[in-house]
There are 2 protein chains.
Amino acid sequence: MEKNVGFVETKYLAFAQPPEGLLLESGQRFGPITLAYETYGQLNKNRSNAILILHALSGDSHVSGYQKEESKPGWWEPMVGPGKPFDTNLYFVICSNILGGCRGSTGPSSINPVTGKPYGLDFPIITIADMVNCQKVLVEHLGIKKIYAVAGGSMGGMQVLQWVAAYPEMVQSAIPVATTLRHSAQQIAFDEVGRQAIMSDPDWSRGDYYGKSMPAKGLALARMIGHITYMSDASMEEKFGRRLKGKEKYSFDFTADFEVEGYLRYKGDSFVQRFDANSYLYITKAMDFFDLIADYGRDLFRGIKTKFLVLSFSSDWLYPPSDSEQIVRTLKRHGAGVTYCAIPSDYGHDAFLVEIEEQGRLVKNFLDAQYRA
Amino acid sequence: MEKNVGFVETKYLAFAQPPEGLLLESGQRFGPITLAYETYGQLNKNRSNAILILHALSGDSHVSGYQKEESKPGWWEPMVGPGKPFDTNLYFVICSNILGGCRGSTGPSSINPVTGKPYGLDFPIITIADMVNCQKVLVEHLGIKKIYAVAGGSMGGMQVLQWVAAYPEMVQSAIPVATTLRHSAQQIAFDEVGRQAIMSDPDWSRGDYYGKSMPAKGLALARMIGHITYMSDASMEEKFGRRLKGKEKYSFDFTADFEVEGYLRYKGDSFVQRFDANSYLYITKAMDFFDLIADYGRDLFRGIKTKFLVLSFSSDWLYPPSDSEQIVRTLKRHGAGVTYCAIPSDYGHDAFLVEIEEQGRLVKNFLDAQYRA
């Protein structure tokens, strides 16, 4: 496969210096903040072709291409690049690691300049709105007054919705994928079990584990739970069924008998290599606090001119089509321009990362039609 | 509420003395075994009115009534008693704690007579068939050659199906509720995360924690995960929504902000008071090994005369109606007599414990019609 976008460089923007810092939704002022970000394509002369892509819980700024030889491509590689749905021959694509993350942006594992040590639990509680407000600083730093499109799946979709709710005049079009206006009780419940898994790990040490032993088992458990919710019953059956893992008969012990057990253990263990346990706590809490209906009430999306493409996947039971339909109803109540597609897929919530063909065609047509308009 | 069945006494049957013991499905011989059981109603003269009720993962032999003043009633109280669906004026109801359990029957927390210490991981791996083979000893001990009905939900339903598959001539009618012929990849996945939660708890100590510190956090986590799967998205929304727990605003810390978080923590913590972590490991593994299709192939249920009432609940996503429909198809392939009802309910998998009215009427009509026939 051609490495369409060549090697990608991560850039950094520092802002919100103390004492002012950035005013967080909690009321606290926080700074300094660094955002790690990547860009693809060229910003045109009138700065009207910028697309902001927003990542999900475990994502980062590396949305496409390769950072160096033999590294893995970005997390939405088939969607972003020259000639791809987010066509970098046409558009200037920006993707930043979220505030609270652990992939270059300021988060609980960052050094607190006051103490010279990682923040740990001294990091402030953040919200989806706080993430978006940091992205706004980045966008304005790049000289962009109006974003052509904001797009993202899962928690990325929450940021899309937050962008339009808070700064409708800055967003020309929006693509929230497999997401929701508010976290439901079941979504909160899964997050809470993941958090409890981390906080129950003695190595968590109330968040003060840096330079010591990571709460690896707790974080791996949280990720295992997550992975079950990202797949559908059908995709698990298709991928694993009841196949045994490297054996012909049941072991009659507590080793991994089934492939699905081995897969979950592997996914849990490998996640620990690349993710910070405290970031997992802060980010899931931000998702759980997310509730645009409570924040804006009946005024949510009132009078917006932003055009929407809302996408869901039929077998996604974590952010099911009914959540997307609520987004559509809320937009339509105010007469907003919205196209909604429920894409048939067996891949569950993961579909937004892997169902490229139909999703890609819908995104491309939507973006290009708006762009020509 | 009238305590219809008065105080119930738990009885015990000891059998499978070494060296013969009981031949387990793994090939190992194991004993001695004690089963704790309760009975309700009277066995008639020709011993033809016995109903065996089989409990789910966290159940026990105490299916109905009260063991003493102010104790909690049994786990299927509204279903079992005089004039109730399993009418103890007509039927002789038996319920025993499963092999591997921790509520009176022999399990990993029982004393190994060879060492004088609890078995822990020296307890053998068991299967649903092993549980049923123990129940068969109990039934025969009670002088019953043919059981009028076997009934149970969830893992209790697996035992129902195992009973008919293994001993069709002994079972006149069968009521498997909210269950499956084989554990799916997703069902295995949830169990595996629960087991990993327990085994990751340092207090687990490879199962050798008796008299020391229990792996309370791990077991509580496993139970929290379980509870999410027992409820539906809709019932969680109905019961908790996004209501905050004893506060007006977000705490902006990692305490339980939402009622659903508090509920899960409470359910997890209270489970630890009444359940053994090793039993949780052994029982979930038995469920994961359960696969009647692999065990019997095309001969499953061939030639049986047992009459079936198969029940599922519309919002049960752990053992969804499609699993029950597979049971029905398999029975119908051999021309078996089967009535199937998918009961509309928002309660998810928990519905088999709480949707009493419609389930009760269906059970009563089925039992009484067969009994008169």
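Here is what the cut-offs are and how they apply
Residues numbered from 1 in each chain as written. Chains lettered and ligands numbered in written order. Predicted model: local features only at pLDDT ≥ 70, side-chain atom pairs only at ≥ 80, totals over all residues. UniProt positions renumbered as here; feature names shortened; annotations may be inferred. Least-squares fit on C-alpha atoms with pLDDT ≥ 70 in both. Contact = placed C-beta atoms within 7 Å. Domains from an automatic or database assignment. Nonpolar A, V, L, I, M, F, W, Y, C, P; charged D, E, K, R; others polar. Helix = DSSP H or I, 4+ residues; strand = E, 2+ residues; numbered from the N terminus. Expected span 1.5 Å × (residues − 1). Buried ≥ 20, exposed ≤ 12 C-beta atoms within 10 Å, placed from the backbone. Arc of directions from axis to C-beta. Pairing = 2+ DSSP bridges. Axes fitted to C-alpha atoms, helices over the stretch in contact; angles between N-to-C directions.

Labelled according to an unreviewed UniProt entry, chain A appears under the name Homoserine O-acetyltransferase, originating from bacterium. If you open the UniProt record of chain A and go to Function (unreviewed entry), you find "Transfers an acetyl group from acetyl-CoA to L-homoserine, forming acetyl-L-homoserine." Taken verbatim from the UniProt record of chain A, the Subcellular location (unreviewed entry) comment is "Cytoplasm".

Asks: I'd love a proper account of the relation of the copies chain B and chain A, names of residues and values included.
Replies: Laying chain B over chain A is done by rotating through 180° and shifting 0.0 Å along the axis; what remains is an RMSD of 0.0 Å. On the angle and the small slide along the axis, the relation comes out as a two-fold axis. Both copies share a contact surface, since 100% of the interface residues of chain B are interface residues in chain A too.

Asks: Give me the domain arrangement of chain A: which residues, what numbers.
Replies: Residues and elements named next belong to chain A. Taken domain by domain, chain A holds domain 1 (11-183 + 292-372) and domain 2 (187-284). Its C-alpha centre places domain 1 at a distance of 26 Å from the equivalent point of domain 2. Contacts between the two partners involve 23 residues from domain 1 and, on the opposite side, 19 residues from domain 2. Classifying every residue of the side of domain 1 that touches domain 2 by side-chain character gives 11 nonpolar, 10 polar and 2 charged.

Asks: If you had to explain the interface of chain B and chain A to someone new, which residues and values would you point to?
Replies: Contacts between the two partners involve 41 residues from chain B and, on the opposite side, 41 residues from chain A. Take the side of chain B that touches chain A: its biggest share by element is 12 residues, from helix 3 (residues 185-200) of chain B. Of the residues in the side of chain B that touches chain A, the class split is 23 nonpolar, 6 polar and 12 charged.

Asks: Give me helix 11 (residues 356-372) of chain A: which residues, what numbers.
Replies: All names here are of chain A. Across its 17 residues, helix 11 extends 23 Å between first and last C-alpha, which sits within 8% of the 24 Å expected from 1.5 Å per residue. Considered for burial, the residues of helix 11 that qualify are Q359, V363, F366 and L367. Looking straight down helix 11, one finds its buried side chains confined to an arc of 95°; they lie on one side. In this structure, helix 11 carries E357, R361 and R372 as exposed residues pointing more than 90 degrees from its buried face.

Asks: Account for the UniProt feature "binding site: substrate" (unreviewed entry) in chain A, naming residues and giving values.
Replies: All names here are of chain A. Taking the numbering used here, the UniProt-annotated feature "binding site: substrate" (unreviewed entry) corresponds to R223 and D350. Over a stretch of 128 residues, the named residues converge on one spot in the fold, their C-alpha atoms separated by at most 13.8 Å. Considering the arrangement of structural elements, one finds R223 in helix 4 (residues 216-230). R223 has contacts with K267, G268 and F271, leaving out every residue within four places of it along the chain. Leave out the neighbours within four places in its chain, and D350 touches Y230 and M231.

Asks: I'd like a rundown of the sheet that holds strand 4 (residues 33-40) of chain B, residues and numbers included.
Replies: Residue and element names in this part refer to chain B. On the basis of which strands lie adjacent, the open sheet formed by 8 strands has the order 1-4-8-5-11-12-13-14 and mixed pairing. The sheet is open, and its two edges are formed by strand 1 (11-15) and strand 14 (338-343), each paired on a single side. Going across the sheet, the axis of each strand differs from the next one's by a mean of 20°, ignoring polarity. In this sheet, strand 8 (residues 92-96) lies alongside strand 4 in antiparallel orientation, the contact comprising 4 bridges. By the bridge assignment, E38 is partnered in strand 8 with C95. Packing against the sheet, helix 1 (residues 128-141) makes contact with strand 1, strand 4, strand 5 (50-54), strand 8 and strand 11 (147-153), and its axis sits at approximately 55° to strand 4.

Asks: Explain the UniProt feature "domain: AB hydrolase-1" (unreviewed entry) in chain A to me, using residue names and the numbers behind them.
Replies: UniProt marks residues 49-355 of chain A with the feature "domain: AB hydrolase-1" (unreviewed entry), using the numbering shown here. Helix makes up 37% of residues 49-355 of chain A and strand 15%, whereas the separation of the span's terminal C-alpha atoms amounts to 25 Å.

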